Amino acid sequence: MIIGATPPSGTGIVTSMMDADGTTAYRTTQGRSTGTPGMRITTNTPPDPARDHPADVDLRHHGDREVAPGLVDLAVNVRGSAPPPWLTERIAESLTRLAAYPDAAEARAAVAARHRRDPADVLLTAGAAEAFVLLARTLKPRHAVVVHPQFTEPEAALRAAGHTVRRVLLRAEEGFGLDPARIPEEADLVMIGNPTNPTSVLHPAETIAALARPGRVLVVDEAFADTIPGEPESLAERADVDGLVVVRSLTKTWALAGLRIGYLLAAPDLVRRCAEGQPLWSVSTPALVAAEACSEPGAVSHADAAAVTLADDRAYLVARLRAIPGVRLPVEPRSSFVLAHVDDGLAVRELLRERGFAVRRADTFPGLGPDWLRIAVRDRATTEAFAAALEGVLSP
Ligand SMILES: Cc1ncc(COP(=O)(O)O)c(C=O)c1O
């Protein structure tokens, strides 16, 4: 609903917008107050929802803020503490070529081959995070929808680019499953994660693909797709779905968060438009070499084997958590992290820190709250020590 009024001073138009379901979306013009309470007066300053309506939660809080020296890190979803030696060697070899400007051609071809796409469908980015920023700056959505709970950078990037965002909140009592009917028909941009961080839900690929519409861009964040053996619900190869953009990250499975490497897969025209907005050479030579190396068949098999081990480790963590009175898991987790519900979650998190374990608070995810915690899947010994600490906290 748009409400417009001419302010008493006659200097402009007051506008505000309320979301149809009353939950989320706002857009106002920015201006000085003229003494009419609650009104903002238009000046020549362009509207800026991020500035006018700061998010209700800290969308820029991420797991890395939870870790501290001396704490076992169950907050960050990066696997392992370093890339495998063969990958480190490939990256190290590239350091002899740092004098030259980066050339993405080979990495682009390798990523394209890995997903059976055309190189024109691929844009290498400085992590998935840069892909969200490029999309937010390139697209001009009138009805942007972000499906939450999910990783918060897509919404943060949209807001920073000046877009109004409407949230669709999936519900715990429905296992955070996706009901396509909840996505407003008029949405011309839909952003969803699969598997979803932090719920660890894996949506069926067909349910997501069915959200595509003429005139709609459908962005699927598949940063964790390779944590699932065989990637059964990935849409990365689906060049046939109109408006589909798949965003991938190489920083999780390959422990390359500090290198910054990811990519998006989309129709060539959108790839070209995003590339035009990308700072020149933003993906460094070592990062491009990593993308090439991680896309080779041997690396993909390696990731798949790691996903099988991860499933075992996750089953162990889930069994241990389910055995602890007071811990509830809303869904069967499918990725490298588990979302758990405990009473007094923020206090539990603090007590866990005192016992040496950092878990990810979840109250900064729209749709969750202080009683949710996200716990990374680690090896059994770590899980065992963590479960003992949690038991101690919950039943002292
Ligand atoms: C779901 C999800 N997507 C994307 C990202 C960003 O990944 P990258 O390190 O590639 O920017 C993260 C990082 O935590 C994430 O959790």
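Residues numbered from 1 in each chain as written. Predicted model: local features only at pLDDT ≥ 70, side-chain atom pairs only at ≥ 80, totals over all residues.

A. Region of interest: the environment of Val-300. You can see Val-300 is positioned in helix H9 (residues 297–322). Overall, Val-300 belongs to the partly exposed group, with 15 C-beta atoms counted inside 10 Å. Separated by 186 residues in sequence, Val-300 and Arg-114 place their C-alpha atoms 8.2 Å apart. (Helix = DSSP H or I, 4+ residues; strand = E, 2+ residues; numbered from the N terminus. Buried ≥ 20, exposed ≤ 12 C-beta atoms within 10 Å, placed from the backbone.)

B. Structural detail: the packing of helix H10 (residues 345–354) against helix H11 (residues 380–394). Where H10 meets H11, the axes come as close as 10 Å, and the angle between the chain directions of the two elements is 125 degrees. Our classification of the angle between H10 and H11 gives oblique. Both H10 and H11 take part in a crossing whose hand is right-handed. For the pair H10 and H11, the contacting residues are Val-348, Leu-351 and Leu-352 in the first and Ala-389, Leu-390, Val-393 and Leu-394 in the second. Across the contact of H10 with H11, the residue classes tally to seven nonpolar, no polar and no charged. (Axes fitted to C-alpha atoms, helices over the stretch in contact; angles between N-to-C directions. Parallel < 35°, antiparallel > 145°, perpendicular 65-115°, else oblique. Left-handed = near helix turned anticlockwise from the far one by under 90°. Contact = placed C-beta atoms within 7 Å. Nonpolar A, V, L, I, M, F, W, Y, C, P; charged D, E, K, R; others polar.)

C. Structural view of unusual backbone geometry. Omega for the peptide link from His-148 to Pro-149 comes to -5 degrees, which places this bond in the cis form. By the element assignment, Pro-149 lies in the loop between strand E5 (144–148) and helix H5 (153–160). Cis peptide bonds are those with omega within 30 degrees of zero, and the linkage from Asn-197 to Pro-198 qualifies with 15 degrees. Assignment of secondary structure puts Pro-198 in the loop between strand E7 (189–193) and helix H6 (205–209).

D. Local environment of the sheet that holds E5. The seven strands lie next to each other as E4-E10-E9-E8-E7-E5-E6, forming an open sheet whose pairing is mixed. Strands with a single pairing partner mark the edges of an open sheet, and in this sheet they are strand E4 (122–125) and strand E6 (165–169). Averaged over all adjacent pairs, the angle separating strand axes in this sheet is 20 degrees, with direction ignored. Summarising the sheet, E4 and strand E10 (residues 262–265) pair through four bridges and their orientation is antiparallel. (Pairing = 2+ DSSP bridges.)

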